[in-house]
Amino acid sequence: MSKIGVFIETADQAIKKSVAGVISAALQGGEVVGFVLDGFAESYRESLGEYGVTELVNLTAANIDFSKQPEAAGRALAQGTNAFGISSLLGVSSPIGNDLLARAAMELKSTLTLDCLEVNFQENYVKKSHFSGKAIATFEMGTGTHVIGIRPNSFDAVRNPVDCQVIDHGLDLPSEDAIEIISVDKAGTGQKELTEASVIITGGRPMGSKENFKLLDECAKTLDAAVGASRAAVDSGYAPHSMQVGQTGKIVSPKLYIGCGLSGSVQHFAGMKTSEVIVAINTDKDAPIFTKSDYGIIGDLFEVVPALTKALKE
Ligand SMILES: Cc1cc2nc3c(=O)[nH]c(=O)nc-3n(C[C@H](O)[C@H](O)[C@H](O)COP(=O)(O)OP(=O)(O)OC[C@H]3O[C@@H](n4cnc5c(N)ncnc54)[C@H](O)[C@@H]3O)c2cc1C
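Remember, it's a predicted structure, so these values are computed and weren't measured experimentally.

> Just give me the short version of the overall build of the protein, but keep the residues and values in it.
Counting secondary structure elements, the protein contains 8 helices and 16 strands. Along the first, second and third principal axes, the C-alpha set of the protein runs to 60 × 40 × 40 Å. In the protein, which comprises 314 residues, the proportion classed as buried is 49%. The contacts of the protein with a sequence gap of at least 6 include a subset with a gap of at least 24, amounting to 65%. Counting only carbon and sulfur atoms, one obtains 50% of the accessible surface of the protein, whose full area is about 15,000 Å². For the protein, the separation between the mean place of its 27 positive charges and that of its 38 negative charges on side chains is 6 Å.

> Lay out the site of the ligand with the relevant residues and their values.
Contacts to the ligand come from 26 residues, most closely from R205, S230, T248, S263 and H268. Between a nitrogen atom of the ligand and a side-chain N or O atom of T248, the distance comes to 2.7 Å. With respect to the ligand, the backbone of G249 contributes an N or O atom lying 3.4 Å from an oxygen atom. Going through the elements one at a time, α6 (231-235), α7 (266-269), β15 (277-282) and α8 (301-313) are the ones with two or more residues in the shell around the ligand. When the residues that make up the shell around the ligand are grouped by side-chain class, the tally is 7 nonpolar, 15 polar and 4 charged.

> Describe the sheet that holds strand β4 (residues 31-36), with residues and values.
Spatially, the 9 strands line up as an open sheet ordered β9-β8-β7-β10-β6-β1-β4-β5-β11, and their pairing is mixed. The sheet terminates laterally at β9 (135-140) and β11 (165-171), the two strands that pair on one side only. Between one strand axis and the next, the sheet turns by 40° as a mean value, whatever way the strands run. As judged from the 4 bridges shared by strand β1 (residues 3-7) and strand β6 (residues 86-92), these two strands associate in the parallel manner.

> Report on the packing of aromatic side chains, specifying residues and quantitative values.
Pairs of aromatic rings are described using the distance from one ring centre to the other and the angle between the two planes. Here the structure, examined in full by the defined rule, presents 1 aromatic pair. Plain terms: the ring middles of F35 and F84 are 6.1 Å apart, the flat faces sit at 70° to each other, and that makes the pair edge-to-face. Of the two residues, F35 is situated in strand β4 and F84 in the loop between α3 (70-83) and β6; the sequence distance between them amounts to 49 residues. Residue classification places F84 among the buried residues on the basis of a relative accessible area of 13%.

> Mind laying out unusual backbone geometry, listing which residues take part and the relevant values?
One non-glycine residue, K109, lies in positive phi territory at about 55°. On the secondary structure map, K109 appears in the loop between α4 (95-108) and β7 (111-120).

> Give me the domain arrangement of the protein: which residues, what numbers.
One frequently used descriptor of interface size is the decrease in accessible area upon assembly of the parts. Domain parsing of the protein yields domain 1 (3-171) and domain 2 (194-313). Put simply, the middle of domain 1 and the middle of domain 2, counted by C-alpha atoms, are 31 Å apart. The interface of domain 1 with domain 2 comprises 12 residues on the first partner and 13 residues on the second. Each partner contributes to the roughly 1,100 Å² buried at the junction of domain 1 and domain 2, and carbon and sulfur atoms together form 40% of this total.

> How would you explain the pairing of β4 if you had to name every residue and give the values?
The buried count for β4 comes to 5 of 6 residues, which makes it a mostly enclosed element. Examined bridge by bridge, β4 and strand β5 (residues 53-61) share 5 bridges and lie parallel to one another. Each bridged residue has a counterpart across the sheet, and for V32 the counterpart in β5 is V53. Since β4 and β5 lie parallel, the crossover through helix α2 (residues 41-51) that links them has a hand, and here it is right-handed.

The rules we used
- Residues numbered from 1 in each chain as written.
- Predicted model: local features only at pLDDT ≥ 70, side-chain atom pairs only at ≥ 80, totals over all residues.
- Heavy atoms only, no water.
- Helix = DSSP H or I, 4+ residues; strand = E, 2+ residues; numbered from the N terminus.
- Buried < 20%, exposed > 50% of the residue type's maximum accessible area, 1.4 Å probe, protein only.
- Contact = heavy atoms within 4.5 Å.
- Areas by Shrake-Rupley, 256 points an atom, 1.4 Å probe, with all protein chains shown as cover.
- Lys, Arg positive; Asp, Glu negative; His and termini not counted.
- Charge placed at Lys NZ, Arg CZ, Asp CG, Glu CD.
- Near = heavy atom within 4 Å.
- Polar contact = N/O pair within 3.5 Å; in protein donor to acceptor, adjacent residues only side chain to side chain.
- Nonpolar A, V, L, I, M, F, W, Y, C, P; charged D, E, K, R; others polar.
- Pairing = 2+ DSSP bridges.
- Axes fitted to C-alpha atoms, helices over the stretch in contact; angles between N-to-C directions.
- Phe/Tyr/Trp six-rings, centres within 6.5 Å; stacked < 30°, edge-to-face > 60°.
- Domains from an automatic or database assignment.
- Buried area = accessible area lost by both parts, 1.4 Å probe.
- Right-handed = clockwise from strand over helix to strand, strands pointing away.

As structure tokens, then:
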């Protein structure tokens, strides 16, 4: 049976939510081996076993903190891939995932395909979107090892309980790295991460002010949702760039996307087109967004959103 590796991305000793979907994708290809870089594999063993990880490898190297040395982290993933006979290495296509998977692919001299929406190990292909979501490209996977980044939330996380064994695997890596991360200033601390959210409520230009975004925050709380913004809202200073969804913002794929006062531009849709259900709230019945949404509410967002929040609270 093939072994598929999964980079278990963590932050502050917690597994990123979208990793579970990547494990489910990997299980289609064979037995799943997880690679942990923060040294806390034992504390993740139970939850990862629930999703089907049979071996969980604690990759360690003396005097190296992988969170500060991305080159070493990429090398560690590559060495783990070779040592455990992995045929494909998968991870979440997050900023950190993309960085480390690319470094691992470089070390492995393997193919690299990021932001994939589909992976098929039986027929050896992956699919990803191109040209702002207007085209879906199919890439055939040839022989050799493949490194694949999966767009967050593209695969449902399916429980598949197995016994998970933790393996400590020490590596001999050069302690000098060309890059060292000195400090990290997190943008939008306290906000729910857009790319990880199952529900997103987004405000467009008519939000009119930073203050008015609180309307969306209130509604988001009732739905355990993240709040996003269009570029028009960001450029107007109503929201930080970390909240921007679209071609030049974040790519999201939630179960439910509620767009409030969005016209439905191609560039915005490039970032959220793969959402499972799209709901649009717009005063203009002819707004283009209504032709691209599953449900539409013709109305003023300043009336509809508070009514929605009230109904959800009840
Ligand atoms: C290279 C490039 C990259 C870009 N990248 C991005 C990107 O990443 N993300 C992005 O979002 N955009 C991006 N844009 C900008 C994009 O083209 C649009 O200008 C932008 O998405 C429009 O934002 P909007 O829908 O909020 O505003 P508008 O287009 O102004 O639409 C506002 C909508 O709100 C409706 N409305 C007005 N008042 C209300 C109300 N009270 N209640 C309900 N509805 C109301 C109006 O009928 C209208 O349909 C990019 C553009 C370029 C050229």
